[in-house]
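Examining the three-dimensional arrangement
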Amino acid sequence: MQFIKKIDMIQIPISDIKASIEWYTKILGFKPTWENDHEAIFRFPDGASPALFLVQTDKLTPLSFQNTTTSLENNIIDFYIPDLVGFHQFLLENDVFVSRQTIKPKDGFGFKDPDGNYFGAFNFD
């Protein structure tokens, strides 16, 4: 019997819930579906899983890891972005860290939230 049907939520460590809600709303483009004084849940507008569950912590350990083959910093979560060039430009205009200063339409890059959690933006089909 298979008990697990899907990934429901991915927990993201953050240091300041109010600042993070503002950043995730502005940068990802949708609002939390639930929040309290130290947590917030962001679900994709179409209801797709998984949700992002922001959890405030005093012992912040940003999400990323070093690839032992390339020695590059790798992200934990990749977002599918249809307009990759437009999203890249939007991040640059909003002073968001991006891993590459120039990209092509079928490409990919990394970006970080204010707490250093590392995400990927790709549009490979």
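Only a predicted model underlies this, so the values are computations on that prediction, with no experimental measurement involved.

Parameters and conventions
- Residues numbered from 1 in each chain as written.
- Predicted model: local features only at pLDDT ≥ 70, side-chain atom pairs only at ≥ 80, totals over all residues.
- Heavy atoms only, no water.
- Buried < 20%, exposed > 50% of the residue type's maximum accessible area, 1.4 Å probe, protein only.
- Helix = DSSP H or I, 4+ residues; strand = E, 2+ residues; numbered from the N terminus.
- Arc of directions from axis to C-beta.
- Contact = heavy atoms within 4.5 Å.
- Phe/Tyr/Trp six-rings, centres within 6.5 Å; stacked < 30°, edge-to-face > 60°.
- Lys NZ or Arg CZ within 6 Å of the ring centre and 35° of its normal.
- Pairing = 2+ DSSP bridges.
- Expected span 1.5 Å × (residues − 1).
- Axes fitted to C-alpha atoms, helices over the stretch in contact; angles between N-to-C directions.

1. Concerning helix H2 (residues 84-93)
Among all positions in H2, only Leu84, Phe87, His88 and Leu91 are buried. Around the axis of H2, the buried residues are gathered within 100° of arc, so they sit on the same side. Looking at the buried residues of H2, the elements they touch are helix H1 (17-28), strand E8 (108-112) and strand E9 (118-122). Residue Asp95 follows H2 closely and has a positive phi angle near 55°.

2. Focus on the packing of aromatic side chains
The description of two aromatic rings rests on the distance between their centres and on the angle between their planes. Enumeration according to the criterion identifies 15 aromatic pairs in this entry. Between Phe30 and Phe42, the ring centres sit 6.1 Å apart and the planes meet at 65°, which makes this aromatic pair edge-to-face. Note that Phe30 is positioned in the loop between H1 and strand E2 (34-35) and Phe42 in strand E3 (residues 39-42), a separation of twelve residues in sequence. By relative accessible area, which is 13% here, Phe30 ends up buried. Aromatic ring contacts, followed pair by pair, group Trp23, Tyr24, Phe30, Phe42, Phe44, Phe79, Phe87, Phe90, Phe109, Phe111 and Phe119 into a single cluster. A cation over an aromatic ring shows up here: Lys112 above the ring of Phe97, its NZ or CZ 5.1 Å from the ring centre. When the ring centre of Tyr118 is taken as origin, the NZ or CZ atom of Lys112, which lies over that ring, is 5.5 Å away.

3. Here's the deal with the sheet that holds strand E4 (residues 51-56)
Here four strands make up an open sheet; going across it, the order is E1-E4-E3-E2 and the pairing mixed. Bordering the open sheet on either side are strand E1 (9-14) and E2, each of which pairs with just one other strand. Bridge count between E3 and E4: four bridges; the pairing is antiparallel. Across the sheet, Glu39 pairs through a bridge with Val55, a residue of E4.

4. Here we look at H1
The first and last C-alpha atoms of H1 sit 15 Å apart over twelve residues, in line with the 16 Å expected at 1.5 Å per residue. Restricting attention to buried positions, one finds in H1 the residues Ile17, Ser20, Ile21, Trp23, Tyr24, Ile27 and Leu28.

5. A closer look at the sheet that holds strand E7 (residues 77-80)
With mixed pairing, three strands are arranged side by side in an open sheet as E7-E9-E8. Single-partner strands in this sheet number two, and they are E7 and E8. The mean angle between the axes of side-by-side strands here comes to 30°, regardless of whether they run parallel or antiparallel. In this sheet, E9 lies alongside E8 in antiparallel orientation, the contact comprising five bridges. If you follow Gly108 over to E9, its bridge partner there is Phe122. The sheet strands contacting H2 are E8 and E9, and the helix crosses E8 at an angle near 30°.

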